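One-letter residues, chain by chain:
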Amino acid sequence: MKLWAGRFHKELDQKTNDFNSSISFDSRMAKEDIEGSVAHATMLGACGVIDAKESEKICAELQKILAEIEDGTLEIDREAEDIHTFVEGELTARLGAAGKRLHTARSRNDQVAVDVKLYLKKQCKTLHGQIKELIGVLCKKALENSGVVMPGYTHMQRAQPITFGHHLLAYAEMFQRDLSRLEDTEKRMDECPLGSGALAGTTYPLNREMTASLLGFAGATNNSLDGVSDRDFCMELAADIAIAMVHLSRFSEEIILWCSWEFKFVELDDAFSTGSSIMPQKKNPDIAELVRGKSGRAIGDLTTLLTMMKGLPLAYNKDMQEDKEAIFDAVDTLHMCLTAFVPMIDTMRVLPQNMRKAAAKGFINATDCADYLVGKGMPFRDAYKITGELVAYCIENEQTLETVPLDKYKTFSELFDNGIFDAISLENCVNGRKVLGGPAPENVCAQAKRVLQKLGVQ
Ligand code: ARG
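Residues numbered from 1 in each chain as written. Predicted model: local features only at pLDDT ≥ 70, side-chain atom pairs only at ≥ 80, totals over all residues.

Engineer: Would you take a moment to explain unusual backbone geometry for this structure?
Structural biologist: Peptide bonds are, in most cases, trans, and in most cases residues other than glycine have a negative phi. Residue Ala 315 is bonded to the preceding Leu 314 through a cis peptide linkage, with omega at 0°. Residue position: Ala 315 is located in the loop between α12 (286-309) and α13 (323-347). Phi angles above zero are rare outside glycine, and Met 156 is one such case at about 60°. Tracing the backbone through its elements, the reader meets Met 156 in the loop between β1 (149-154) and β2 (157-163). The exposed category is assigned to Met 156, around which 7 C-beta atoms lie within 10 Å. Here Glu 398, not a glycine, exhibits a phi torsion of approximately 50°, which is positive. Structurally, Glu 398 can be placed in the loop between α16 (380-396) and α17 (406-412). Taking the C-beta count within 10 Å as the criterion, Glu 398 has 7 such neighbours and is therefore assigned exposed. (Helix = DSSP H or I, 4+ residues; strand = E, 2+ residues; numbered from the N terminus. Buried ≥ 20, exposed ≤ 12 C-beta atoms within 10 Å, placed from the backbone.)

Engineer: Got a minute to help me understand the packing of helix α3 (residues 30-46) against helix α7 (residues 108-144) in this structure?
Structural biologist: Two packed helices can be described by the angle between their axes and the distance between those axes. Remark: α3 packs on α7, axes separated minimally by 9 Å, with the N-to-C direction vectors making an angle of 120°. It follows that α3 is oblique to α7 by the angle criterion. Classified by chirality, the crossing of α7 by α3 is right-handed. Residues Glu 32, Asp 33, Glu 35 and Gly 36 of α3 form the contact with α7, whose participating residues are Gln 111, Val 114, Asp 115, Leu 118 and Tyr 119. Taken together, the residues that form the contact of α3 with α7 break down as 3 nonpolar, 2 polar and 4 charged. (Axes fitted to C-alpha atoms, helices over the stretch in contact; angles between N-to-C directions. Parallel < 35°, antiparallel > 145°, perpendicular 65-115°, else oblique. Left-handed = near helix turned anticlockwise from the far one by under 90°. Contact = placed C-beta atoms within 7 Å. Nonpolar A, V, L, I, M, F, W, Y, C, P; charged D, E, K, R; others polar.)

Engineer: So what exactly am I meant to see when it comes to the environment of Cys 337 here?
Structural biologist: Along the chain, Cys 337 turns up in helix α13. Owing to 26 C-beta atoms within 10 Å, Cys 337 belongs among the buried residues under this scheme. Measuring from C-alpha to C-alpha, the distance between Cys 337 and Arg 292 comes to 9.4 Å, with 45 residues separating the pair along the chain. In contact with Cys 337, other than residues within four places in its own chain, are Met 245, Leu 248, Val 291 and Lys 294.

Engineer: Got a minute to help me understand helix α20 (residues 441-455) in this structure?
Structural biologist: An α-helical segment advances 3.6 residues per turn. Residues three or four places apart therefore align on the same side. Here α20 contains 15 residues, and its C-alpha end-to-end distance of 21 Å stays within 8% of the 21 Å for a straight helix at 1.5 Å per residue. For α20, the set of buried residues is Pro 441, Asn 443, Val 444, Gln 447, Ala 448 and Val 451. Viewed along the axis of α20, the buried residues span an arc of 155°, placing them on a single side of the element. Pointing more than 90 degrees away from the buried face of α20 are the exposed residues Glu 442, Ala 446, Arg 450 and Gln 453. Here the buried face of α20 lies against α7, β2, α8 (164-189) and α19 (426-432). One or two steps after α20, the chain reaches Gly 456, where phi turns positive at roughly 70°. (Expected span 1.5 Å × (residues − 1). Arc of directions from axis to C-beta.)

Engineer: When you look at the UniProt feature "domain: Fumarate lyase N-terminal" (unreviewed entry) in the protein in this model, what are you seeing that I'm missing?
Structural biologist: When the UniProt feature table is mapped to this numbering, "domain: Fumarate lyase N-terminal" (unreviewed entry) covers residues 6-300. Measuring from the first to the last C-alpha atom of residues 6-300 gives 40 Å, for a span that is 62% helix and 6% strand. (UniProt positions renumbered as here; feature names shortened; annotations may be inferred.)

Engineer: For this particular structure, what's the right way to read the site of the ligand?
Structural biologist: Around the ligand, the neighbouring residues are Ser 22, Asp 26, Asp 82, Arg 108, Asn 109, Val 112, Tyr 316, Lys 318, Met 320 and Gln 321. In terms of residue count, α7 provides more of the shell around the ligand than any other element does, 3 residues in total. Of the residues belonging to the shell around the ligand, the class tally is 3 nonpolar, 3 polar and 4 charged. In this structure, the shell around the ligand is formed jointly by two domains, domain 1 (5-104) and domain 2 (109-206 + 223-351), each of which donates at least three residues. (Near = placed C-beta within 6 Å. Domains from an automatic or database assignment.)

Engineer: Before we go on, may I ask you to explain the nonpolar core in this structure?
Structural biologist: Soluble globular proteins tend to pack their nonpolar side chains together in the buried interior. Residues Leu 138, Ala 238, Ile 241, Ile 327 and Leu 334 are the most contacted members of the largest nonpolar core, which totals 115 residues. Considering every element that reaches this core, the biggest residue donor is α7, with 16 residues. Setting aside residues up to four positions removed in sequence, Ile 241 forms contacts with Ala 298, Ala 330, Val 331 and Leu 334. (Core = buried A, V, L, I, M, F, W, Y, C linked by C-beta atoms within 7 Å.)

Have a look at this one:
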């Protein structure tokens, strides 16, 4: 029996019913739907809108329904239009008239908005915890690798010497911003729309603050039209997730490169790698590739939500039923990716000798050579030009800045003396980069500890 049966003379066409229904994807909010109903019924009882005894009966039965859904004794009817209809139908089947009073002063429009918010608030907490765990792993690995010299790249060309710990902490920064974006989104999500009714509030003397606080919201929404038609919290969370997935995707791309024989900077644990069905030698970074691929889904989910909302007049429109599959997919995607990604990073073996070898090629200390001349009083532009000529000489003669003898250096500039070899030693180059935010091992250790402390991990 449809909720709206009174006005209609016919049943909804079967295939149209399937099209119209959202039960296949909103039944995951069964718990939140029941929590919302319990709070609503409690408040109706407290305000005298329904009888206090009846309110108690409703709440007790709703809790029973929830327990039965959770232990599998009550199956959710796939023919129901949505989870709200199913729960109310089940309650009414059990309690008769009392069940029919639950929906007093409520609409599915404010109900669905509160359900989605309650559900997403929990998901935010889970994702927050997972991202925090990832940052913890990154800081731990940064501490272990604070002195590991590697080439830093621009344009995928070896550029300047950095430390592997520094490289990892760059990602720790990105993921910290993801955390703060999530926190921000949670704050704005923290308003309860129950009591907005279908769109125009209600004439019943509701205590909306009470429902809000029973459900753990910081407060109630201020405008009934906005309360039922706002989906900013979905779009914001999807944006947060898309950005976090872009970060994971960039990191994955680097891991994929680092696993190649051309780099061999790291080796993934067997538990987080796959083989080939035909090539016996292969060890593939499938997890990282899949995370990189799945970032596309998250971007798609955000696009779906933005496009779905962009032309909607106030207040509720059925288009908005489409919010759930998109935001649930985004949440699931980030959750699954982090579940595999965090232990993959945690168990990844770092190969410092290979990083060091790569750092020795590509003239990544050329800037330091120029800076050495600047230290001797030469203007930077002149020092830059002379060092460029030196590099050209090295390339033509298959040398590096370390192998060129001092006599030869002097033909480029009289200012060179034996100190140049210290100045271009890669260890000295990274140790000297102590400027705030720089890659020096002491910076890396201090920063990793600061982050761990801030997160309360250590
Ligand atoms: N299943 C609907 C949704 O997900 C619930 C709200 C239905 N409201 C309505 N007026 N048809 O959006």
